Amino acid sequence: MISDVISTTKGLSPEGHVMTDVIEKNLKCKLSNVLALSGPCIADELAYGKPTMVMLGGKKIITSKVQKILETEHFFIKNTTDKTGIQLLGFYKNIIALLVGICEGLELGHNFESSLMTRAYNEFYHLNATINIKRHTFVSPAGLGDLYVTAMSPHSRIGHSVI
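Residues numbered from 1 in each chain as written. Predicted model: local features only at pLDDT ≥ 70, side-chain atom pairs only at ≥ 80, totals over all residues. Heavy atoms only, no water.

Student: What should I look at first to understand the overall build of the protein chain in this one?
Tutor: The secondary structure content of the protein chain amounts to seven helices and four strands. Traced from its N-terminal end to its C-terminal end, the protein chain shows the element sequence β-α-β-α-β-α-β-α-α-α-α. The C-alpha atoms of the protein chain give 16 Å as radius of gyration, which agrees with the globular expectation for 163 residues (15 Å, within 12%). Projected onto its principal axes, the C-alpha coordinates of the protein chain cover approximately 55 × 35 × 25 Å. Per-residue burial over the protein chain gives 42% buried out of 163 residues. By sequence separation, contacts in the protein chain at least 24 residues apart represent 59% of the contacts at least 6 residues apart. Considering the protein chain, the positive charge centre built from 16 side chains and the negative charge centre built from 14 side chains are found 10 Å apart. (Helix = DSSP H or I, 4+ residues; strand = E, 2+ residues; numbered from the N terminus. Rg over C-alpha atoms; globule rule 2.2 N^0.38 Å. Buried < 20%, exposed > 50% of the residue type's maximum accessible area, 1.4 Å probe, protein only. Contact = heavy atoms within 4.5 Å. Lys, Arg positive; Asp, Glu negative; His and termini not counted. Charge placed at Lys NZ, Arg CZ, Asp CG, Glu CD.)

Next up, the structure:
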């Protein structure tokens, strides 16, 4: 029997399933043993010991155990039972970040990029709040935090030029 598995993949299967569902099905493991990790985490910053906070989604008793193992003085983990929500937001923020990158390429300015990002996130919120994603998840590190770092960090999107 497989112990705990942590998915850090941000995407959906061709059928629209989040990655923890794919893992559970293909590895035939218990739902409670598959967790999702999501949030704003630029690898370079984490490697250099910069403070990083992410979300770990799954059954509370399991996420608390894993949190104690993985958390360090610079790597903070907040637990949530909204495992599906943090994964859906991880997928959707990539779409918004691509739109922001297109706006940057077209030199539409930060005012427009910010407005587009806000409007797209607002639309997604109203389509999904309480149905697929818990309300509090939208303003968590895995929601708004991950969107911000992906759309705005020069180390996240390929479209950003790094000086």
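Student: For this particular structure, what's the right way to read the nonpolar core?
Tutor: One broad trend across soluble globular proteins is that nonpolar side chains are buried collectively. Formed by 16 residues in total, the largest nonpolar core has its most connected members in L89, I96, M117, Y121, F124, I133 and F138. Among the secondary structure elements, those contributing two or more residues to this core are α4 (83-105), α5 (110-128) and α7 (141-152). If you tally residues by element for this core, the top one is α4, at six residues. With residues near it in sequence (within four places) discarded, I133 still touches D82, G85, L88, L89, F124, N128 and F138. Listed in part, the eight residues of the second largest apolar core include L35, L37, I62 and I77. (Core = buried A, V, L, I, M, F, W, Y, C linked by side-chain atoms within 4.5 Å.)

Student: It is not clear to me how the side chain of T150 should be interpreted in this structure. Could you clarify?
Tutor: Inspection of the secondary structure puts T150 in helix α7. The exposure class of T150 is buried, given its relative accessible area of 8%. A polar side-chain atom of T150 sits 2.9 Å from a polar atom in the side chain of K93. (Polar contact = N/O pair within 3.5 Å; in protein donor to acceptor, adjacent residues only side chain to side chain.)

Student: Sorry if this is basic, but what is going on with the sheet that holds strand β3 (residues 52-57) here?
Tutor: What links the strands of a sheet is backbone hydrogen bonding, and the strands pair in either a parallel or an antiparallel sense. As summarised here, the arrangement of the four strands in space is β1-β2-β3-β4, forming an open sheet in which the pairing is mixed. Pairing within the sheet leaves two strands with one partner each, and these edge strands are β1 (5-7) and β4 (75-80). For this sheet, the mean angle separating the axes of adjacent strands, direction not counted, is 30°. Pairing of strand β2 (residues 34-38) with β3, which is carried by three bridges, proceeds in the antiparallel orientation. Each residue of the ladder has a partner; that of L37, found in β3, is L56. α4 contacts β2, β3 and β4 of the sheet and is inclined by roughly 40° relative to β2. (Pairing = 2+ DSSP bridges. Axes fitted to C-alpha atoms, helices over the stretch in contact; angles between N-to-C directions.)

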